[in-house]
Amino acid sequence: AYSSAHIERRYREFVAAFGGKAMLCFAVKALSNLAVLRHLFQLGAGADLVSEGELRRVLAAGIPASRIIFSGIGKTETELRAALAADVHQINVESPPELSLLSDVATRMGKTARIAIRVNPDVDANTHAKISTGKSENKFGIDLAHAADAFRRAKQLPGIEPVGVAVHIGSQITSLAPFDTAFARVVNL
């Protein structure tokens, strides 16, 4: 059972913490119940998703593509094509090969992909090792030392429009300190 009143109260608290100036995207992998998704989206939430199936689900729930961030490692050409066809707000690119593939797909489709490059800031989130994603030994994102080169390359590729930086250091983080460290490391990027 889910309480729509509780979900709404917590969502509004979270929005208020950001001064109402950020697009807050719910991680669909955390809960894909259509009724809950519809409720969140009616409140103004966007969606962060990691698969074509999740893309179909949020579109079915009524969220506009302009509020969808497509994240996740190992995106297939089919998934990139679906994201571009839907005209999602942003695709978070995980690696130089994914950037090249997305450029090729976008160019063939006559589309421009708005992207953020996921940067690995080498930060220990002090969480369980299996859900930590921001340390240098984790295989997620582009190493901070190579991120500027990735952005320069993205600006030169056809079908690509760099619009942001993505950072994900893990899940179930119980302190703000790792976030402070991660953001301090990418602020100059």
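Just above, that's the structure.
The following paragraphs examine the structure supplied in this document. None of these values were measured; they are calculated from a predicted model. (Residues numbered from 1 in each chain as written. Predicted model: local features only at pLDDT ≥ 70, side-chain atom pairs only at ≥ 80, totals over all residues. Heavy atoms only, no water.)

### Let's talk about the pattern of salt bridges
Enumeration over the complete set of coordinates arrives at nine salt bridges. We note a salt bridge from Glu-77 to Arg-108, for which the minimum N-O separation is 2.4 Å. Placement of the pair is Glu-77 in helix H4 (residues 77–86) and Arg-108 in helix H5 (residues 96–109), with a sequence separation of 31 residues. A relative accessible area of 52% means that Arg-108 is categorised as exposed. Between Glu-94 and Arg-118 there is a salt bridge whose closest N-O contact spans 3.0 Å. Here Glu-94 is found in the loop between strand E4 (90–93) and H5, whereas its partner Arg-118 is found in strand E5 (residues 113–120), with 24 residues between them in sequence. (Salt bridge = Lys/Arg side-chain N within 4 Å of Asp/Glu carboxyl O. Helix = DSSP H or I, 4+ residues; strand = E, 2+ residues; numbered from the N terminus. Buried < 20%, exposed > 50% of the residue type's maximum accessible area, 1.4 Å probe, protein only.)

### Side note on the side chain of His-39
The topology assignment puts His-39 in helix H2 (residues 34–43). Non-local contacts of His-39, meaning those with residues more than four positions away in its chain, are made with Ser-4, Ile-7 and Glu-8. (Contact = heavy atoms within 4.5 Å.)

### Comments concerning the pairing of strand E2 (residues 46–49)
Summarising the sheet, strand E1 (residues 25–27) and E2 pair through three bridges and their orientation is parallel. Bridge pairing links Cys-25 to Gly-46 in E2. Crossover handedness for the path E1 to H2 to E2: right-handed. Pairing of E2 with strand E3 (residues 68–70) involves three bridges; the strand directions are parallel. Looking across to E3, one finds that Leu-49 is bridged to Phe-70. Between E2 and its parallel partner E3, the chain crosses via helix H3 (residues 52–60), and the hand of that crossover is right-handed. (Pairing = 2+ DSSP bridges. Right-handed = clockwise from strand over helix to strand, strands pointing away.)

### Observations concerning unusual backbone geometry
The residue Asp-87 is not glycine, and still its phi comes out positive at about 65°. Relative to the elements of secondary structure, Asp-87 occurs in the loop between H4 and E4. Residue Asp-87 is classed as partly exposed on the basis of its relative accessible area of 42%.

### Structural notes on H5
If you check H5, its first and last C-alpha atoms are 20 Å apart, about what 14 residues at 1.5 Å a residue would give, namely 20 Å. Buried residues along H5 sit against H4, E4, E5, helix H6 (144–156) and strand E7 (160–166). Gly-110 sits one or two positions beyond H5 and adopts a positive phi of about 70°. (Expected span 1.5 Å × (residues − 1).)

### A look at the packing of H2 against H3
Between H2 and H3, the least distance of the axes is 9 Å, while the angle of their chain directions is 65°. Note that H2 runs across H3; the crossing there is right-handed. For the pair H2 and H3, the contacting residues are Leu-34, Leu-37, Arg-38 and Phe-41 in the first and Arg-57, Val-58 and Ala-60 in the second. Along the lines of polarity and charge, the residues of the contact of H2 with H3 split into five nonpolar, no polar and two charged. (Axes fitted to C-alpha atoms, helices over the stretch in contact; angles between N-to-C directions. Left-handed = near helix turned anticlockwise from the far one by under 90°. Nonpolar A, V, L, I, M, F, W, Y, C, P; charged D, E, K, R; others polar.)

### Structural notes on the nonpolar core
Phe-41, Val-58, Ile-68, Ile-91, Leu-102, Ile-115 and Ile-160 are the most contacted members of the largest nonpolar core, which has 39 residues in total. Here the element with the most residues in this core is H2; it accounts for five residues. Excluding residues that lie within four positions of it along the chain, Val-58 makes contacts with Val-28, Leu-37, Phe-41, Ala-47, Leu-49, Ile-63 and Ile-68. (Core = buried A, V, L, I, M, F, W, Y, C linked by side-chain atoms within 4.5 Å.)

### Looking at H2
Given 3.6 residues per helical turn, the α-helix brings residues three or four places apart onto the same face. Taken residue by residue, H2 has Val-36, Leu-37, His-39, Leu-40, Phe-41 and Leu-43 as its buried positions. Its side-chain oxygen 2.9 Å from the backbone nitrogen of Ala-35, Asn-33 forms the N-cap of H2. Trailing H2 by a residue or two, Gly-44 shows a phi angle of about 120°, which is positive. (Polar contact = N/O pair within 3.5 Å; in protein donor to acceptor, adjacent residues only side chain to side chain.)

### What to know about the environment of Ser-4
Within the fold, Ser-4 resides in helix H1 (residues 4–17). The class for Ser-4 is partly exposed, based on a relative accessible area of 42%. Taking the C-alpha atoms as reference, Ser-4 lies 7.7 Å from Val-36; in sequence the two are 32 residues apart.

Shape is all these values report; function is a separate question.
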